Amino acid sequence: MSPIRVTVWNEFEHEKHNEKVRSIYPDGIHEAIAGHLRKQDGLEVTTATLDQPEHGLTEEVLEKTDVLVWWGHRAHHKVEDAIVDRVQKHVLLRGMGLIVLHSGHFAKIFKRLMGTTCNLAWREAKDKERLWVVNPYHPITAGLPPCIEIGEEEMYGEFFDIPEPDALLLVSWFTGGEVFRSGAVWHRGKGKVFYFRPGHETYPTYHNPEVLKVIENGVRWAAFAGNALENKVWNAKVPPEGA
Ligand code: ZN
C-alpha cells in the first residue's frame, strides 16, 4: 500500500513572538505534530508555514497531499483567499482530507467548509480538560482510553456554531463545568474533515501521546480511500486554477 502523504501546516507565529510558546515548541507546533507522525508506519510527512511562498501550499504540494493538518490562530487574516480557494478545491474535488486543530475553528478554510460562524465560548485560565470518547466504534477513537485528561488547557465551551456533524466522537468537560464538542467529523464533496479541539499554544498539549494518537488516527481516517466510480468514470485531478 502506498504511504499516506501528510502536510502539517502551521501559521508559525506565536513561536516566533512568545518566549513561553517557543520554550514548549522550539521548532514550532508543526514540527511537534510532524515529528510524531514521521515515526508512524505508512505515513510520509512534510510541513508548510504561512511565510513560505503561497503559504507553502502550492498546487504541486497539494497535489501530493492526501491529508492536510491545519493549526492557525493570530494570522487567520493573513491567509490569502486564493490559497483558501485552492485548499477547498482539493478537499471537495480531489478528496484531500483536512484536520483542523484548536483555534483553527476560525480559519478561513474551516469557516468556508462549515458555512457557519464557528463561534464558541472560551477562557484562558489553566482549566483541566477531560475529553470523553462518545463514539468508541469510530476509527479516530480506536485504541483510546474512555477519557483523555489534559492537566491544563484553554477552555472552549458551547455553543460551538458548527453544522450538525456527521459523527460526534469526543466531548470535553472543563473545570468550570463547561462542555464542548471536541472531536467531530464531516464529509464535504469527496473529502473528509475532522475538527479536534485541544492545542492552545501556551500548553504542551502536542507532546501528549494520547492527543498525538488522535491526530494520527485522524490522518488515517481522512485519507481518501477512493470509491467505485473513481476508477471508471471520474478523473480525480483538480481542474487548473481559473478554470
Ligand atoms: Zn487557544
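That block above? That's the structure.
Structure report, in brief.

Conventions adopted
- Residues numbered from 1 in each chain as written.
- Predicted model: local features only at pLDDT ≥ 70, side-chain atom pairs only at ≥ 80, totals over all residues.
- Heavy atoms only, no water.
- Donors = N, O, S within 2.8 Å, 3.2 Å for Na, K, Ca; no water.
- Helix = DSSP H or I, 4+ residues; strand = E, 2+ residues; numbered from the N terminus.
- Buried < 20%, exposed > 50% of the residue type's maximum accessible area, 1.4 Å probe, protein only.
- Pairing = 2+ DSSP bridges.
- Core = buried A, V, L, I, M, F, W, Y, C linked by side-chain atoms within 4.5 Å.
- Contact = heavy atoms within 4.5 Å.
- 1 Å grid on protein atoms, 1.4 Å probe; cavity = no way out; pocket = protein on both sides within 12 Å on 5 of 7 lines; lining within 4 Å.
- Points joined across faces, edges and corners; volume = space filled by probe spheres on them.
- Nonpolar A, V, L, I, M, F, W, Y, C, P; charged D, E, K, R; others polar.
- Salt bridge = Lys/Arg side-chain N within 4 Å of Asp/Glu carboxyl O.

### Thoughts on the coordination of the zinc ion
Here comes step 1: Surrounding the zinc ion are the protein donor atoms His102 (NE2), Glu154 (OE) and His200 (ND1), which sit 2.0 to 2.1 Å from the metal.
Here comes step 2: When the donor residues of the zinc ion are listed from N- to C-terminus, their spacing reads H-x51-E-x45-H. Placement of the pair is His102 in the loop between β4 (97-101) and α6 (108-114) and His200 in the loop between β9 (191-196) and α7 (209-222), with a sequence separation of 98 residues.

### Looking at the pairing of strand β8 (residues 179-188)
Here comes step 1: Most of β8 is tucked away: 8 of the 10 residues are buried.
Here comes step 2: The pairing of strand β7 (residues 167-174) with β8 spans 6 bridges and is classified as antiparallel. When the bridges of β8 are listed, Leu170 appears paired with Gly183.
Here comes step 3: Here β7 folds back onto β8, and the loop between the two strands holds 4 residues, one of which, Gly177, carries a positive phi near 95 degrees.
Here comes step 4: Strand direction decides the pairing type here: β8 and β9, joined by 6 bridges, are antiparallel.

### Concerning the nonpolar core
Here comes step 1: Among the nonpolar cores identified, the biggest contains 38 residues, and Val6, Leu101, Phe194, Phe196, Tyr206 and Val219 are the most heavily contacted of them.
Here comes step 2: The contact partners of Tyr206, leaving out residues within four places of it in the chain, are Tyr25, Ile29, Ala32, Ile33, Trp71, Leu101, His102, Pro198, Gly199, Val211, Leu212 and Ile215.
Here comes step 3: Within the second largest apolar cluster, 33 residues are counted, among which are Trp70, Ala107, Met155 and Phe174.

### Observations regarding the environment of Pro139
Here comes step 1: Tracing the sequence through the fold places Pro139 in the loop between β5 (121-133) and β6 (147-157).
Here comes step 2: Along the primary structure Pro139 and His187 are separated by 48 residues, whereas in three dimensions their C-alpha atoms are 15 Å apart.
Here comes step 3: Beyond its immediate stretch of four places on either side in the chain, Pro139 contacts Asn217 and Trp221.

### Some details on the layout of surface pockets
Here comes step 1: Taken as a whole, the second largest pocket holds about 190 Å³ of empty space.
Here comes step 2: In terms of lining, the second largest pocket is formed by 14 residues, of which the most central are His73, His105, Trp122, Glu154 and Tyr156.
Here comes step 3: Of all the secondary structure elements, the ones that give two or more residues to the lining of the second largest pocket are β5 and β6.
Here comes step 4: Its residues assigned to classes, the lining of the second largest pocket shows 4 nonpolar, 7 polar and 3 charged.

### As for the pattern of salt bridges
Here comes step 1: Scanning the model with the defined rule gives 19 salt bridges in all.
Here comes step 2: In this structure, Arg22 engages Glu19 in a salt bridge whose closest nitrogen and oxygen atoms are separated by 2.6 Å. One end of the pair, Arg22, and the other, Glu19, are both in helix α2 (residues 19-24), 3 residues apart, so they sit about a helical turn from each other.
Here comes step 3: Since its relative accessible area comes to 32%, Arg22 is described here as partly exposed.
Here comes step 4: Residue classification places Glu19 among the exposed residues on the basis of a relative accessible area of 53%.
Here comes step 5: Arg38 is paired through a salt bridge with Glu31; the nearest N and O atoms lie 3.0 Å apart.

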